[in-house]
Amino acid sequence: MPVVMDADRIARTLTRIAHEIVERNKGVEDVALVGIRTRGVHLARRLARTLKEITGDDVPTGALDITLYRDDLMRHDVGPQPLVRRTEIPFSIEKRRILLVDDVLYTGRTIRAALDALIDFGRPRAIQLIVLVDRGHRELPIKADYVGKNLPTSPGESVQVRLQETDALDEVVLEPEQEGAA
Amino acid sequence: MKRLLKGGRVIDPANGLDGEFDVLIDGDRIARVGKGLPIDGAEVVEIPAGFLVTPGLIDIHVHLREPGQEHKETVATGTASAVAGGFTAVACMPNTSPVNDNANVTSFILGKAAEANLARVYPIGAVSRGQKGELLADIAELHKAGCVAITDDGHPTATALLLRRALEYAGMLGIPVIEHCEDTSLKGDGVAHEGFHAAALGLRGIPGACEAMGVERGILMAELTNSHFHVAHMSARASIRGVRKAKEAGISVSCEVAPHHFTLTDEALGTPIPYDTNTKMNPPLREAADRDAMIRGIQDGTVDVIATDHAPHHLDEKNVEFDRAPFGIVGLETCVPLTFDRLVHTGIIGLRRMVELLSLNPSRILHVPGGTLSVGAAADISILAPDLAVRIDARALRSKSKNTPFDGWEMRGGVAATIVGGRPVYVNPAAGVAL
Amino acid sequence: MSTEAPEQGMGLPPATSALRHKDLLGIDQLSAGEIALVLETAVAMKEIGSRSIKKVPALRGKTVVNLFFEPSTRTRTSFEIAEKRLSADTLSIAIASSSVVKGETLIDTARNLEAMNPDMIVLRHASSGACHLLSRFCRSAIINAGDGMHEHPTQALLDAFTIVERRKRLAGLKVAIIGDLLHSRVLRSNILLLTKMGADVWVCGPPTLIPTDVTRFGVRATSRVDEAVRDADVVMLLRIQLERMEGAFFPSLREYFEVFGMTEARLALARPDVLIMHPGPMNRGVEIASEVADGPRSVILDQVANGVAVRMAVLYLLAGGVEHEEAA
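This is a predicted model, so every value here is computed, not measured.

> Quick question: what am I supposed to make of the overall build of chain A here?
A tally of regular secondary structure across chain A gives four helices and eight strands. The order of α-helices and β-strands along chain A, N terminus first, is β-α-β-α-β-β-α-β-β-β-α-β. The globule rule puts the C-alpha radius of gyration for 182 residues at 16 Å, and the 16 Å found for chain A is close to it. Along the first, second and third principal axes, the C-alpha atoms of chain A reach 50 × 40 × 30 Å. Buried residues in chain A amount to 52% of all 182 residues. Of all intrachain contacts in chain A linking residues separated by at least 6 positions in sequence, the fraction that spans at least 24 positions is 69%.

> So what exactly am I meant to see when it comes to unusual backbone geometry here?
Comment: phi is negative for the bulk of residues other than glycine, and the bulk of peptide bonds are trans. Cis rather than trans, the peptide bond between R37 of chain A and T38 of chain A has omega equal to 5 degrees. With respect to the secondary-structure elements, T38 of chain A resides in the loop between strand 2 (31-36) and helix 2 (39-55). The peptide bond linking N282 of chain B to P283 of chain B adopts the cis configuration, its omega dihedral lying at 0 degrees. You can see P283 of chain B is positioned in the loop between helix 9 (259-263) and helix 10 (288-300). Of note, the phi angle at A168 of chain A is positive, near 70 degrees, even though the residue is not glycine. With respect to the helices and strands, the residue A168 of chain A is situated in the loop between helix 4 (164-167) and strand 8 (171-175). Classification of A168 of chain A as exposed rests on a relative accessible area of 60%. Even without being glycine, Q131 of chain B reaches a positive phi, approximately 50 degrees. For Q131 of chain B, the location among the structural elements is in the loop between strand 11 (125-126) and helix 3 (139-145). For Q131 of chain B, a relative accessible area of 16% translates into the label buried.

> Please explain the packing of aromatic side chains as it appears in this structure.
The geometry of an aromatic ring pair is captured by the separation of the ring centres together with the interplanar angle, meaning the angle of the planes. In the structure shown here, the tally under the stated rule is four aromatic pairs over all chains. On the basis of an interplanar angle of 85 degrees and a centroid distance of 4.8 Å, the ring pair of F406 of chain B and W409 of chain B is categorised as edge-to-face. Assessed through its relative accessible area of 1%, F406 of chain B is described here as buried. Its relative accessible area of 22% is what places W409 of chain B among the partly exposed residues. With a centroid separation of 5.7 Å and an interplanar angle of 55 degrees, the aromatic rings of F250 of chain C and Y256 of chain C are classed as tilted. Summarising the burial analysis for this pair, F250 of chain C and Y256 of chain C share the class buried. Site record: aromatic cluster; members linked through ring pairs are F250, Y256 and F260 of chain C.

> I'm lost on empty space enclosed by the protein in this one. Help?
Residue and element names in this part refer to chain B. Scanning the entire structure with this criterion turns up five cavities of 30 Å³ or more. Computed from the structure, the largest cavity encloses a volume of approximately 70 Å³. What lines the largest cavity is simply H180, C181, E182, I206, C210, E211, A232, H233, N282, P283 and R286. Tallied by class, the residues present in the lining of the largest cavity amount to five nonpolar, three polar and three charged.

> Would you mind going over the nonpolar core with me for this structure?
Side chains of nonpolar character tend, in soluble globular proteins, to be buried together. Counting residues in each nonpolar core, the largest one holds 100 residues, and the members touching the most others are L64 of chain A together with M45, L157, I177, L193 and Y316 of chain C. The element contributing the most residues to this core is helix 11 (residues 300-319) of chain C, with 11 residues. Beyond its immediate sequence surroundings of up to four residues, L157 of chain C is in contact with L24, I27, I35, V38, L39, L193, V310 and V314 of chain C. Ranked by size, the runner-up nonpolar core spans 97 residues in total, among them A82, I298, C335 and V433 of chain B.

> I'm lost on the interface of chain B and chain C in this one. Help?
When the parts of a complex come together, some accessible area is lost, and that lost area is often taken as the interface size. In this complex, chain B contributes 18 residues to the contact, which on the side of chain C involves 22 residues. Summed over both partners, the interface of chain B with chain C comes to about 1700 Å²; 58% of that surface belongs to carbon and sulfur atoms. Taken together, the links from chain B to chain C amount to zero salt bridges. Between chain B and chain C we count five residue pairs in polar contact (both at pLDDT 80 or more) in total.

> Can you help me understand the sheet that holds strand 5 (residues 126-134) of chain A in this one?
Pairing between the strands of a sheet comes from backbone hydrogen bonds, and it takes one of two forms, parallel or antiparallel. All names here are of chain A. Within the open sheet, the five strands sit side by side as 3-2-4-5-6. Their pairing is parallel. Edge positions in the open sheet fall to strand 3 (61-64) and strand 6 (146-150), since each of these has one partner strand only. The mean angle between the axes of side-by-side strands here comes to 25 degrees, regardless of whether they run parallel or antiparallel. Examined bridge by bridge, strand 5 and strand 6 share four bridges and lie parallel to one another. The residue bridging V133 from the neighbouring strand is K149, located in strand 6. Docked against the sheet, helix 1 (residues 7-25) engages strand 2, strand 4 (97-105), strand 5 and strand 6, running at close to 150 degrees with respect to strand 6. Contacts between helix 2 and the sheet are confined to strand 2, strand 3, strand 4 and strand 5, with strand 2 contributing the most and set at about 155 degrees to the helix.

> How do you make sense of the sheet that holds strand 7 (residues 52-55) of chain B when you look at a structure like this?
Residue and element names in this part refer to chain B. On the basis of which strands lie adjacent, the open sheet formed by six strands has the order 3-2-7-19-20-21 and mixed pairing. Only two strands of the sheet have a single neighbouring strand rather than two, namely strand 3 (17-20) and strand 21 (423-427). The average undirected angle you get between the axes of adjacent strands in this sheet is 25 degrees. Relative to strand 21, strand 20 (residues 410-420) runs antiparallel, the two being bridged by four bridges. Counterpart to T418 in the pairing with strand 21 is Y426. On top of the sheet, helix 12 (residues 335-344) reaches strand 7, strand 19 (381-391) and strand 20; it is set at about 130 degrees to strand 20, its chief contact.

> Please explain helix 12 of chain B as it appears in this structure.
Each α-helix winds once per 3.6 residues, and so residues spaced three or four apart point in a common direction. Among the 10 residues of helix 12 of chain B, nine are classified as buried, and the element is accordingly described as predominantly covered. Residues C335, V336, P337, L338, T339, F340, D341, L343 and V344 of chain B constitute the buried set of helix 12 of chain B.

> Any chance you could explain the pairing of strand 5 (residues 29-34) of chain B here in plain terms?
One face of the sheet, then the other: side chains in a regular strand alternate in exactly this way. Residues and elements named next belong to chain B. By the bridge criterion, five bridges tie strand 4 (residues 22-26) to strand 5 in an arrangement that is antiparallel. Considered in strand 5, the bridge of D22 is made with G34. Between strand 4 and strand 5, which pair antiparallel in sequence order, lie two residues; one of them, G27, sits at a positive phi of approximately 65 degrees.

> Got a minute to help me understand the environment of G27 of chain A in this structure?
Residues and elements named next belong to chain A. With respect to the element layout, G27 can be found in the loop between helix 1 and strand 2. Taking C-alpha positions, G27 is 28 Å from G108, a pair spaced 81 residues apart along the chain. G27 has contacts with I21 and V22, leaving out every residue within four places of it along the chain.

Parameters at a glance
Residues numbered from 1 in each chain as written. Chains lettered and ligands numbered in written order. Predicted model: local features only at pLDDT ≥ 70, side-chain atom pairs only at ≥ 80, totals over all residues. Heavy atoms only, no water. Helix = DSSP H or I, 4+ residues; strand = E, 2+ residues; numbered from the N terminus. Rg over C-alpha atoms; globule rule 2.2 N^0.38 Å. Buried < 20%, exposed > 50% of the residue type's maximum accessible area, 1.4 Å probe, protein only. Contact = heavy atoms within 4.5 Å. Phe/Tyr/Trp six-rings, centres within 6.5 Å; stacked < 30°, edge-to-face > 60°. 1 Å grid on protein atoms, 1.4 Å probe; cavity = no way out; pocket = protein on both sides within 12 Å on 5 of 7 lines; lining within 4 Å. Points joined across faces, edges and corners; volume = space filled by probe spheres on them. Nonpolar A, V, L, I, M, F, W, Y, C, P; charged D, E, K, R; others polar. Core = buried A, V, L, I, M, F, W, Y, C linked by side-chain atoms within 4.5 Å. Buried area = accessible area lost by both parts, 1.4 Å probe. Salt bridge = Lys/Arg side-chain N within 4 Å of Asp/Glu carboxyl O. Polar contact = N/O pair within 3.5 Å; in protein donor to acceptor, adjacent residues only side chain to side chain. Pairing = 2+ DSSP bridges. Axes fitted to C-alpha atoms, helices over the stretch in contact; angles between N-to-C directions.

Spatial relationships are all this shows, so hold off on functional conclusions.
This is the structure in structure tokens:
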């Protein structure tokens, strides 16, 4: 089970992305972070802390649950509903630059759902996408603005992002194709 | 022609018989009962070992629904159901449409029974004209036309005064007044026994006291008039207590219990099928203490008769909201299995007592023939298989209606064959008696 | 695999991963974990109601029929808003416009509706067990919006949500439910839910309006209102209907208020932070004094607001269907 990013690598990557954010947006005025539940939220909070260290400014940070916008919802005749968690965006997104944060970019469907969800909160000036890992295999025309690591994968493999906040350690693991796994 | 029933265990409480005897039937009569009877040209019917030969069972509380509600049952389908249930005779309730409150209706029913030519049918007349609880029906005329008792069943007799008059009048004719005991003000719009299960399901309750009030009223009127008062379908422990005390006091009172009231409790309202309308009857299924009191009453002799209160209703009438469904279930074809399974095989009663409850006492209470295998009596005989494995299949019932809560029940004990007037009218192919 | 708990700090037992039922017929069928799942999902649903665009596409393409055989403004509108916020197509049928008046049976009405292939039917009916009957004959998911005197599960769920929102738990709270207990479906659902979640439930009313053997539900019953209210964390009042006087359940509304009506003076016995609840519609001056209904401890309007979120949660969770192995 190859570890493709360890804790140190993740930390350095996030710092690099934070600098790119400042550079690209010429500061963090009008910028807000929205993490996609679950791990995108933790990454967004880490980025907010780093941005504060760099700029001295507080960047508003929210959490977005995209479950109710998923395009595979209700498409199975049977099966339990995915858990819905709370969306917390305690600021107006109107006219802001929204930095949408997720751990892994894969088919692009999660991001499509997140974009739809965000638009329901108002009309931001721009939405930029931050991902820790881009593993390819896009099914929708979606591209990230900030990528921590481009990781070539085969569709059968699985990318696991583990973070201290939920998993007690920081690492990104590429898991091989599992026998019999559907 | 002659038939010789050979090898069965004959149980005839009226003649004190219980043992291996042969029964010779000559035409429509019983010719001889004895050990090792000569064949003498008779057709021999071998009765398998362990099977019972009893006087024909009589159900004194049946709704045949004809005239007027032939979509539920007819005299023909009802008597077909009766003989399949081991009954050679049934007494049918007058709450038909029109009500059996005059000789024309009585004759009509008897005509239909003769046409069907299965079980004997003894009509029961109404107490009041149209069962409206106001004027007395023409009771003597009803009696002359063939009615064996009177009742306003379906409802209690409207007032104590009317019940008193009915008892006095029926007493003159030597027939009993059968009473559906209920205090209608206490019943209100209740649909189920007032207890935990009705409370949990949000169903309006009918307390046991509602029935016992009617029982006590009837007992007092029986004492006042010195006439025979019969309590129909008793369900509440307070009712049993009342009847027991009245009997001790020498009052002329008798009573019946239906199989569902010695078998089920109000727990059936919620399980296995919640709000199953086949658990809705009046009186309702009561709590375990009441059910147990019925069993004790059957055991100690307080209860005189097991009667089914066979109440057919069409599927469409039962497939509705619980509170809108009609009260009642069919019972003719489940009575014998339930009696064997729940009372005999559990050791609560013996076979002799079973025959008293289902044959001898019914005949005595209604003063109708039968109830015995005496020489010269009509050859109305039930052949019962106490150990037969029976599975109730509602769809296979002979009754036109299938409203039973016992669908799918597996029980021990059933009917092998039914003989009315010397003629086999039902043979259960599963039991193996060649008739 | 470790996952973040959906909603921390609700003080509820661990939520199950799914509501494994075709229908919601009553609280009776739900486990404590399933109740927790509904309440936690409702937290997320409540947030949607605070957005400027109060709509998510979750039930897009689903058809929900609100079949109301009893007049009900509150419950029906609450369900309708919940359905619309989830983007379901909704159709409301009230008794006056239905064919019931023409003598059609409930089953026939439902079968006719089913021919139009709805996904869910929300049923309000005057007969206890009507939802059970419908569920035996319908493919659609049936949601009980109140059946006779039996259950009103979404009301109990929204009541629980409202309590948890304020008190962060249900276990150990003393909840006093006072009023017409006998005829109340709200009572039955609430005592089932609250006892499953470990609350200390007291019910109180005139003896004529207490159901038979109510203590077998695991609640304490009393006709002394002071005993019920003393140290209560929650006081829930149930509606007293004028018609009940005709059944001789109590002599007069005035006397009812004298003996059982909830006043500030009586509430002095309760905990200082007691929550006052009422499923509505209220009879001011009968079961509840206006000063109590409109007072600072009243969460009656919160109940109404939370009703939408809880019903969204139920609609969403049932829309997923039942897993094969559970259905088998």
